[in-house]
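Chains, contacts and geometry: an overview
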Amino acid sequence: MGYSDQRFTVNLSILFTELPLLERPAAAAAAGFRAVELWWPWVDAPVPERSELDALKQAIEDAGVRLTGLNFYAGQLPGPDRGALSVPGEESEKFRANVDVAADFAQSLGCTALNALYGNRVDGVDPAVQDELALENLVLAARAADRVGAVVLVEALNAPESPKCPLVSAEKAVEVVDKVNAATGLGNARFLMDLYHLSMNGEDLPRVIAAYADKTGHVQIADNPGRGAPGTGSLPLEDLLDQARKAGYEGWVGLEYKPGDRPSHESFDWLPAGARAAR
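On a predicted model such as this, the values are computed, not experimentally measured, just so you know. (Residues numbered from 1 in each chain as written. Predicted model: local features only at pLDDT ≥ 70, side-chain atom pairs only at ≥ 80, totals over all residues. Heavy atoms only, no water.)

1. Here we look at the pattern of salt bridges
Going through the model one piece at a time under the given rule, you end up with 11 salt bridges. Residue D54 is joined to R50 by a salt bridge in which the shortest nitrogen-to-oxygen separation is 3.5 Å. Linking D54 with R50, this pair stays in helix α2 (residues 50-63), spanning 4 residues, or about one helical turn. Taking relative accessible area as the criterion, R50 reaches 55% and is therefore assigned exposed. We note a salt bridge from R262 to D269, for which the minimum N-O separation is 3.4 Å. With a relative accessible area of 59%, D269 lands in the exposed category. Taken together, the shared-partner salt bridges in this structure form one network comprising E90, E91 and K94. (Salt bridge = Lys/Arg side-chain N within 4 Å of Asp/Glu carboxyl O. Helix = DSSP H or I, 4+ residues; strand = E, 2+ residues; numbered from the N terminus. Buried < 20%, exposed > 50% of the residue type's maximum accessible area, 1.4 Å probe, protein only.)

Here you go:
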């Protein structure tokens, strides 16, 4: 076991951001990786021009990497927003407009995981109203994902960095997953287990892995403190990933960490070159 037994995918919305978007897939390939994931790249455009979608698709294909994960539209990310689907009004409408666009783009590249970030609480709006809206939109997302052979992911963030987000524990996120699956009957809503966020919440990570590995559709990692590369903090990430494998998780592990003050390609020294292209 160990890092060499994992399947890693590089998040191009937090790594290689020193480069223009269309150059990042090739940079990941040059660093030895064969899989990438993305937040929704067009933060102001839930429905971008076809030429922009085509250019990104071509860049991914030309680099010879696989797109393993994509966020639905989530507002200003990075920035003050933590998703759009539970936010009444314009943001929710943008999310709905984006659902089929994101699903179709994912399908065009063989991507089978779509992350639907929940969103912040809004002052003056009843949380129950937001939760009802969120379920409606997650049902739409799950149906679109099912249409293209994908799962829809529900992620728990962390309270210190996202104090207005209601999904700041594994338990809360899994509750939403269960509600979506009950509403659709499709069974394609899954938990996104981000070990950095969960550690920031002070959760017992081995317990979370044991309890929810069977409901997990994706894992993401960064060390804590600092959200840097493995080895820059104190999380036993290699051991935790081994535990996830033993608990039955066989999916991708997203590298969603900050490279620090060095170029992104220099931040992978913790991972042997031979382990980067695992499929």
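Let us keep going from here.
2. Remarks on helix α4 (residues 127-147)
For α4, built from 21 residues, the straight-helix expectation of 30 Å at 1.5 Å per residue is met to within 8% by its first-to-last C-alpha distance of 30 Å. Of the positions making up α4, those classed as buried are Q130, L133, A134, N137, L138, V139, A141, A142, A144 and A145. In this structure, the buried residues of α4 make contact with α3 (90-108), β4 (113-115), β5 (151-155) and α5 (170-184). Two or three places before A128, at the start of α4, stands the capping residue D126, its side-chain oxygen 2.9 Å from that residue's backbone nitrogen. Following α4 by one or two positions, G149 has its phi on the positive side, about 75°. (Expected span 1.5 Å × (residues − 1). Contact = heavy atoms within 4.5 Å. Polar contact = N/O pair within 3.5 Å; in protein donor to acceptor, adjacent residues only side chain to side chain.)

3. Quick look at the pairing of strand β8 (residues 252-255)
A two-sided burial pattern is seen for β8, the buried positions comprising W252 and G254 on one face and V253 and L255 on the other. As paired elements, strand β1 (residues 7-11) and β8 share 4 bridges and run parallel to each other. Across the sheet, T9 pairs through a bridge with G254, a residue of β8. Two strands pair when backbone bridges link them, and strand β7 (residues 216-221) and β8 are joined in this way by 3 bridges, in the parallel orientation. Within the sheet, the bridge partner assigned to I221 lies in β8 and is L255. Traced from β7 through helix α8 (residues 237-246) to β8, the parallel crossover comes out right-handed. (Pairing = 2+ DSSP bridges. Right-handed = clockwise from strand over helix to strand, strands pointing away.)

4. Considerations on the pairing of strand β2 (residues 35-38)
What you see with β2 is no split at all: A35 and E37 on one side and V36 and L38 on the other are buried throughout. As paired elements, β1 and β2 share 2 bridges and run parallel to each other. Within the sheet, the bridge partner assigned to N11 lies in β2 and is E37. Handedness of the β1-helix α1 (residues 24-30)-β2 crossover: right-handed. Strand direction decides the pairing type here: β2 and strand β3 (residues 66-71), joined by 4 bridges, are parallel.

5. Let's talk about the side chain of E37
Position of E37 relative to the elements: it lies in strand β2. There is no salt bridge for the buried E37, and the closest opposite charge comes from R227, which lies 8.4 Å off by N-O distance. Within polar-contact distance, the side chain of E37 engages the side chain of N11 at 3.2 Å. The residues contacting E37, other than those within four sequence positions of it, are T9, V10, N11, L12, S13, L67, T68, G69, H218, Q220 and G254. (Lys, Arg positive; Asp, Glu negative; His and termini not counted.)

6. Concerning the packing of aromatic side chains
Taken as a whole and assessed by the stated rule, the structure comprises 10 aromatic pairs. An angle of 75° between the planes, with centres 4.9 Å apart, marks the rings of Y3 and W270 as edge-to-face. With Y3 in the segment before β1 and W270 in the segment after β8, this pair connects stretches of sequence that are 267 residues apart. Residue W270 is classed as buried on the basis of its relative accessible area, which comes to 14%. Their ring planes at 35° and their centres at 5.9 Å tell us that F16 and F268 sit as a pair that is tilted. Placement of F16 in the loop between β1 and α1 and of F268 in the segment after β8 is noted, with a sequence separation of 252 residues between them. Residue F268 is classed as buried on the basis of its relative accessible area of 1%. It is R7 that lies over the ring of W252; its NZ or CZ is 4.3 Å from the centre. (Phe/Tyr/Trp six-rings, centres within 6.5 Å; stacked < 30°, edge-to-face > 60°. Lys NZ or Arg CZ within 6 Å of the ring centre and 35° of its normal.)

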